[in-house]
Amino acid sequence: MSTRNGNFLLGFLVVVLLLAGGASYVASSQPDGLNRVAADTGIADQEQEHQLGDSPLAGYEFAGVEGILGGALAGIVGVVVTLLLGAGLFMLIRRKPAESTGRSGVHPRQRGGSGSE
Amino acid sequence: MHVPDGFINAPVSLAAGVVAAAGLAICLRGARRELDEKTAPLAGLVAAFVFAVQMINFPVGVGTSGHLMGGVLAAVLVGPYTGVLCVSVVLIVQALFFADGGLSALGVNIILMALVTTLAGYGTVLVVQRLLPNKRASAVPAAFVGALVSVPIAALAFVALYAVGGTADLPLAEVALAMFGVHVVIGIGEALITALTVGSVLTVRPDLVHAARRYEQELELRTAPAGS
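Calculation criteria
- Residues numbered from 1 in each chain as written.
- Chains lettered and ligands numbered in written order.
- Predicted model: local features only at pLDDT ≥ 70, side-chain atom pairs only at ≥ 80, totals over all residues.
- Heavy atoms only, no water.
- Helix = DSSP H or I, 4+ residues; strand = E, 2+ residues; numbered from the N terminus.
- Polar contact = N/O pair within 3.5 Å; in protein donor to acceptor, adjacent residues only side chain to side chain.
- Contact = heavy atoms within 4.5 Å.
- Buried area = accessible area lost by both parts, 1.4 Å probe.
- Salt bridge = Lys/Arg side-chain N within 4 Å of Asp/Glu carboxyl O.
- Nonpolar A, V, L, I, M, F, W, Y, C, P; charged D, E, K, R; others polar.
- Expected span 1.5 Å × (residues − 1).
- Buried < 20%, exposed > 50% of the residue type's maximum accessible area, 1.4 Å probe, protein only.
- Phe/Tyr/Trp six-rings, centres within 6.5 Å; stacked < 30°, edge-to-face > 60°.
- Lys NZ or Arg CZ within 6 Å of the ring centre and 35° of its normal.
- Patch = residues over 30% accessible without salt bridge, like charges linked within 9 Å, V, L, I, M, F, W, Y side chains within 5 Å.
- Areas by Shrake-Rupley, 256 points an atom, 1.4 Å probe, with all protein chains shown as cover.

A.B. asks: Sorry if this is basic, but what is going on with the side chain of B:Thr39 here?
C.D. replies: Residue and element names in this part refer to chain B. Counting through the fold element by element, threonine 39 comes out in helix H2 (residues 39–54). Polar side-chain contacts of threonine 39 include one of 3.2 Å to the backbone oxygen of glutamate 34. The contacts of threonine 39, once residues within four sequence positions are left out, are Glu34 and Arg213.

A.B. asks: What exactly am I supposed to notice about the interface of chain A and chain B here?
C.D. replies: Interface size, as often reported, equals the accessible area lost upon joining of the parts. Listed per partner, the contact involves 64 residues of chain A and 72 residues of chain B. For the pair chain A and chain B, the two sides together bury roughly 5800 Å², of which 70% comes from carbon and sulfur. Considering only the surface of chain A that becomes buried against chain B, A:Leu34, A:Tyr60 and A:Phe90 emerge as the three largest contributors, covering 13% of it. At the junction of chain A with chain B, the criterion picks out 1 salt bridge. One salt bridge in this structure joins A:Arg95 and B:Asp36, with 3.7 Å as the shortest N-O distance. For the pair chain A and chain B, the interface holds 18 residue pairs in polar contact (both at pLDDT 80 or more). Of all elements in the fold, only helix H1 (3–26), helix H2 (33–41) and helix H3 (67–93) of chain A reach the threshold of two or more residues within the side of chain A that touches chain B. By residue number, the principal contributor to the side of chain A that touches chain B is H3(A), which donates 15 residues. When its residues are assigned to classes, the side of chain A that touches chain B shows 33 nonpolar, 20 polar and 11 charged.

A.B. asks: In this structure, what is going on with the pattern of salt bridges? I would like to understand it.
C.D. replies: If the charged atoms of two oppositely charged side chains come close together, the side chains can form a pair. All names here are of chain B. Going through the model one piece at a time under the given rule, you end up with 4 salt bridges over all chains. Note that lysine 38 and aspartate 207 form a salt bridge whose closest N and O atoms lie 3.1 Å from each other. Linking lysine 38 in the loop between helix H1 (10–34) and H2 with aspartate 207 in the loop between helix H7 (172–204) and helix H8 (216–222), this pair joins segments that are 169 residues apart in sequence. Through salt bridges that share partners, Lys38, Arg205 and Asp207 make up one connected network.

A.B. asks: Sorry, what's going on with helix H4 (residues 80–97) of chain B here?
C.D. replies: Helical geometry: 3.6 residues make up each α-helical turn, so side chains three or four residues apart lie on a common side. With 18 residues, H4(B) extends 26 Å between its outermost C-alpha atoms, agreeing within 8% with the 26 Å of an ideal straight helix rising 1.5 Å per residue. After H4(B) finishes, the residue B:Ala99 shows a positive phi value of roughly 55°.

A.B. asks: Is there a simple way to explain unusual backbone geometry in this structure?
C.D. replies: As a rule of thumb, non-glycine residues mostly have phi less than zero, and peptide bonds are mostly trans rather than cis. A positive phi angle, near 55°, is found at A:Tyr60, a position not held by glycine. Summarising the element assignment, A:Tyr60 is placed in the loop between H2 and H3. Take A:Tyr60: its relative accessible area is 18%, and that puts it in the buried class. One non-glycine residue, B:Ala99, lies in positive phi territory at about 55°.

A.B. asks: Please clarify how the packing of aromatic side chains should be interpreted in this entry.
C.D. replies: Given two aromatic rings, their pairing is described by the distance between the two centres and the angle made by the two planes. Applying the stated rule across the entire model yields 6 aromatic pairs over all chains. Linked through ring pairs, A:Phe8, A:Phe12 and B:Phe49 together constitute an aromatic cluster. Across from the ring centre of A:Phe8, 5.8 Å away, lies the NZ or CZ of B:Arg205, which sits over that ring.

A.B. asks: Please clarify how a nonpolar patch on the surface should be interpreted in this entry.
C.D. replies: Residues and elements named next belong to chain B. On the surface, Leu156, Phe180, Val184, Val185, Ile188 and Leu192 cluster together into a nonpolar patch covering about 460 Å² of accessible area. Per-element tally for the nonpolar patch: the top contributor is H7, with 5 residues. For valine 184, the location among the structural elements is in helix H7.

A.B. asks: So what exactly am I meant to see when it comes to the environment of B:Cys27 here?
C.D. replies: Residue and element names in this part refer to chain B. Mapped onto the secondary structure, cysteine 27 falls in helix H1. Looking at cysteine 27, the relative accessible area reads 6%, which means it is buried. On a C-alpha basis, the gap between cysteine 27 and threonine 82 in space is 6.7 Å, while along the polypeptide they are 55 residues apart.

This is how it looks when you write it as structure tokens:
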């Protein structure tokens, strides 16, 4: 991976972590569109408790850590978990350099050693 | 717009799960063509970005908020198949770790926020791109319009699912009107965030914006550096 690409990804990651860390501080705590309509129309009367409602991160909180810091920690953990799952999945299913056919217009890479992960 | 358990009955939730699984299977195949060693890590970051921005509820009137869904944003950046997978990963993480979105409603939520937003919204992006000048900057207004329409369409898709499998007998026209109205406003927020993000990436790394690939010829002409 080129340095330029690496720098961009690193910068993007910093932005994502800042957003996740600051989200709970700036976010509106009002119900969202669906929850508002559900409450107004009576849909919400049928709502059931979430089966995992007791989990340590439930409701974007961080068990044992109060307030804004807890929200920031929850957001950062969520970002890391999403990134690991997402990047893992996408690295797994991506076109490997060796099997690039060039059919989609992307240049097949001639870089040998990178396919060993 | 995360649907909790109990809004949609068990048979329709189950059917939605089957449809969502089929949709994800199609996207897993399609995403192979969109992902290479350069775009795969970016796609992971796009998923993380959608997770982070979804946490930021913005006010849309008295006592109501909205948040990004991210289907069009992800599709424009990394391609529609990969975009669906990005949002779906986010929804799965939210349901499993954050108690946001019911477990039995996971299929419903993947249909609404990943599949419907991407099909309707990215479809709109492609149409708008054909209508606008053949320049890479056109990707930004196209993404804006696509994001704008994706949210109310997803809201109406919820009403359609509720019409089939809603757990209460309510006046559907009233539900549809309320859902559509508030999500038109939320769609403006979705469109602004999407256009801002796409515009930023386009400025720094136009080669990383999937929806700007169609302008590659123009890119070739333009990238001759002035001073080297």
